[in-house]
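Residue-level listing of the chains:
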Amino acid sequence: SMRSGTKNCYVDVQRAVESADPNTNAPVYTWPAWKSCFANATVKKGRDIEIDGQAVARSYVRFDFDYFDIVGITERDRIVYDGVTYAITGLLPDLATKDWFQVDAEATAVGTERT
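Note that the structure is predicted; figures quoted are calculated from it, not measured.

J.: Before we go on, may I ask you to explain the overall build of the protein in this structure?
T.: Across its full length, the protein carries one helix and eight strands. Along the protein, helices and strands appear, N-terminal first, in the series β-β-β-β-β-α-β-β-β. Among the 115 residues that make up the protein, the fraction classed as buried is 33%. A separation threshold of at least 6 residues defines the contact pool for the protein, and within that pool the share at least 24 residues apart is 52%. Surface summary for the protein: the accessible area is close to 7300 Å², and the carbon and sulfur share equals 50%.

J.: Whenever I open this one, the side chain of Asn40 confuses me. Can you help?
T.: Mapped onto the secondary structure, Asn40 falls in strand β4 (residues 33–51). Asn40 sits in the buried class, given a relative accessible area of 15%. A polar atom in the side chain of Asn40 sits 3.4 Å from the side chain of Asn8. Not counting residues up to four positions away in its chain, the partners in contact with Asn40 are Thr6, Lys7, Asn8, Arg62, Phe63 and Asp64.

J.: Can you walk me through the nonpolar core in this structure?
T.: A general trend in soluble globular proteins is that nonpolar side chains are found buried together. If you look at the biggest cluster of nonpolar residues, it comprises 19 residues, and the most contacted ones within it are Phe63, Phe65, Ile79 and Val103. Excluding its chain neighbours within four sequence positions, the residues that come into contact with Ile79 are Val11, Asp12, Val13, Phe63, Phe65, Val84, Thr85, Tyr86, Ile88 and Val103.

J.: Even after reading the chapter, I still don't get the state of the cysteines, so can you show me in this structure?
T.: Chemically, a disulfide is nothing more than a covalent bond linking the sulfur atoms of two cysteines. For the structure on display, the rule yields zero disulfides. Note on Cys9: no disulfide assigned, nearest cysteine sulfur contributed by Cys37 at a separation of 8.9 Å.

J.: I keep staring at the pattern of salt bridges and nothing clicks. Help me out?
T.: Where charged atoms from two side chains of opposite charge come close, those side chains can pair. By the definition in use, this model includes three salt bridges. Between Asp77 and Arg15 there is a salt bridge; the shortest N-O distance is 2.7 Å. In this pair, Asp77 is assigned in the loop between α1 (67–70) and β6 (78–81) and Arg15 in the loop between β1 (9–14) and β2 (17–20), connecting sequence segments 62 residues apart. Residue Asp77 is classed as buried on the basis of its relative accessible area, which comes to 3%. Judged by its relative accessible area of 27%, Arg15 is partly exposed. In this structure, Asp104 engages Arg62 in a salt bridge whose closest nitrogen and oxygen atoms are separated by 2.8 Å. Here Asp104, found in strand β8 (residues 100–107), pairs with Arg62, found in strand β5 (residues 54–66); they are 42 residues apart in sequence, far enough to count as distant.

Calculation criteria
Residues numbered from 1 in each chain as written. Predicted model: local features only at pLDDT ≥ 70, side-chain atom pairs only at ≥ 80, totals over all residues. Heavy atoms only, no water. Helix = DSSP H or I, 4+ residues; strand = E, 2+ residues; numbered from the N terminus. Buried < 20%, exposed > 50% of the residue type's maximum accessible area, 1.4 Å probe, protein only. Contact = heavy atoms within 4.5 Å. Areas by Shrake-Rupley, 256 points an atom, 1.4 Å probe, with all protein chains shown as cover. Polar contact = N/O pair within 3.5 Å; in protein donor to acceptor, adjacent residues only side chain to side chain. Core = buried A, V, L, I, M, F, W, Y, C linked by side-chain atoms within 4.5 Å. Disulfide = S-S within 2.5 Å. Salt bridge = Lys/Arg side-chain N within 4 Å of Asp/Glu carboxyl O.

In structure tokens:
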């Protein structure tokens, strides 16, 4: 693809697998890697938000993938890049030529997903 020379990172795309807690039958989620592949990461902007009274830095990253490396990704998946977990906020596939697939993502604050 025309972008294959611009990759600057290797990421894991994780997809939730739901199981049931054996004692309570409550849903339990694990996040195994669905795909691991190269991407080009571009930091878009950043801001601080408050979570439980504590300022947490959040950053927005656009990942460019080769289309066929990542086709099938959904907004329920997540991306782990350099130890940081990103929630997917937008998917922009190049449907015309199937050359690239842009994924907008936002870093999630550590600890906010567990209760």
